[in-house]
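# Descriptive structure summary
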Amino acid sequence: MTRRVLFAVLAMAAGQTAVYIVRPTTSYRLLGLGYGATAVGVVAAAFALVPLFLAIPLGRRADKRHGARLLLFGCALEIVGCALLAGGGSALALGAASAVVGIGHLALALGAQAVVARESDDAQHDQHFALLTAGVSLGQLVGPLVGGVLLHGRALLPATTHAMLVAAGIAALATGFAAVAERDRTTAADDHVVQRSASVTSILGTRGVSGAIFASVAVLSATDVFTAYLPVIGHERDIGPAVIGALLALRAAASLASRVGIAQLVRRIGRPQLMTAAAAASAAALTGLTFTGDLAVLAVLAIVVGVGLGFAQPLSMTIVVQLVPEHARASALAVRLTGNRLGQVAAPAAAGLVAGRAGASSVFWMTSGLLVASGLAVAKRPKPVAEEVQRRDDDDRDRLGDRLVVVEPELDQNV
């Protein structure tokens, strides 16, 4: 692993920590301001709304140059967004600030993924993407814990302000890591502009890519719903913020643990089978969350959700980058991120509408159905581009060998 990949992973982990302090904290701030479940869903959707339109242009830029500058830009923007959240006093202001954080997080994620995709060979993709997403899970683990501690036993509004400012400080640390990755940028290699580009249509038309993107969308939507609505469930059942923060962290810890040794699991089980089984397990656990208030059972279910959701993100990244040509990898990852952001807009918004009419529990049922559908979508997938090229080369050599076997006896007879 290069030092640049290492600092990209560190920047991602720190930036994700900041995000996962502010996202559940934003839900509590809305509750403290007197808003309900519908407002929570709308503000959560704002996190992804503006980035939805920026992912593909940024991905094309990342295909032309390495992603360290996107890392730096994204982390710096997260600082601004966290500071704006600290002063937000209405749903509109919090939604706008969440959108700023979302743009920063998009640039950070795309920059980190572009660095890993380009600086790892195909045999390392599962391992390095798992490491990157383990950094994401680490942020998802530490963030809610820090947020829960900062909110515990204090009035919601001043406590959430303090938590947002702490998140801004952590985003500043992520900016430092990104600056090291930018400093390590090799001018000769990274400033080389790739002239070719891939269209969104050609990327989505590649067999297997759409299914992998749908799986990624479903898992990220489930993660967002779990993060945004577990505080609502806890509030309804008189479970305090510190306990909810611990459950969110437990889910993230389980996702982190599931990514250790993921390459070995893929070799034994296969990517499609692993993703399908994981989707089914997490769907069942999400449904189970709605039927109990027992903390021990909730903890077990959070672990199952975390393990189930942990596999899809790194494996979908590997599938996408290996099914498209090398010059289009960052663009393909950007299309994947666009799908993720679309899911982050649609799922919380739909969740807010559903929760407003049928209660917060119904949101988890809806998300479970989405996960089951995603598992079916990736049940089968084609071989990566490199494997297909190798297979065609082998077939060509076999046919050429057959022709030589036929021709050689004829030459002998002529002699």
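Residues numbered from 1 in each chain as written. Predicted model: local features only at pLDDT ≥ 70, side-chain atom pairs only at ≥ 80, totals over all residues. Heavy atoms only, no water.

## Focus on the environment of D238
Here D238 lies in the loop between α10 (209–236) and α11 (241–258). The class for D238 is exposed, based on a relative accessible area of 74%. Separated by 55 residues in sequence, D238 and G293 have C-alpha atoms that sit 9.5 Å apart. (Helix = DSSP H or I, 4+ residues; strand = E, 2+ residues; numbered from the N terminus. Buried < 20%, exposed > 50% of the residue type's maximum accessible area, 1.4 Å probe, protein only.)

## What to know about helix α12 (residues 262–269)
Residue pairs three or four apart in sequence face the same way in an α-helix, which turns once every 3.6 residues. Listed in full, the buried residues belonging to α12 are I262, A263 and V266. Along the long axis of α12, the arc covered by the buried residues comes to 105°, so they all point the same way. The outward face of α12, more than 90 degrees from its buried face, is lined by the exposed residues R267 and R268. Directly after α12, the chain includes G270, whose backbone phi takes a positive value near 100°. (Arc of directions from axis to C-beta.)

## A closer look at the packing of aromatic side chains
As enumerated under the stated definition, the model contains 2 aromatic pairs in all. Between F7 and F177, the aromatic rings sit 6.1 Å apart at their centres with planes inclined by 50°, giving tilted as the arrangement. In this pair, F7 sits in helix α1 (residues 3–32) while F177 sits in helix α7 (residues 156–183), placing the two residues 170 residues apart along the sequence. Take F7: its relative accessible area is 16%, and that puts it in the buried class. Geometrically, the ring pair formed by F291 and W365 is stacked, given 6.4 Å between the ring centres and 25° between the ring planes. Taken together, the positions of F291 in the loop between α13 (271–289) and α14 (295–323) and W365 in helix α16 (residues 360–377) put the pair 74 residues apart, joining distant regions of the chain. For W365, a relative accessible area of 44% corresponds to the partly exposed category. Over the aromatic face of F47 sits the side chain of R23, whose NZ or CZ is 4.0 Å from the ring centroid. (Phe/Tyr/Trp six-rings, centres within 6.5 Å; stacked < 30°, edge-to-face > 60°. Lys NZ or Arg CZ within 6 Å of the ring centre and 35° of its normal.)

As far as function goes, none of this settles anything; it's purely spatial.
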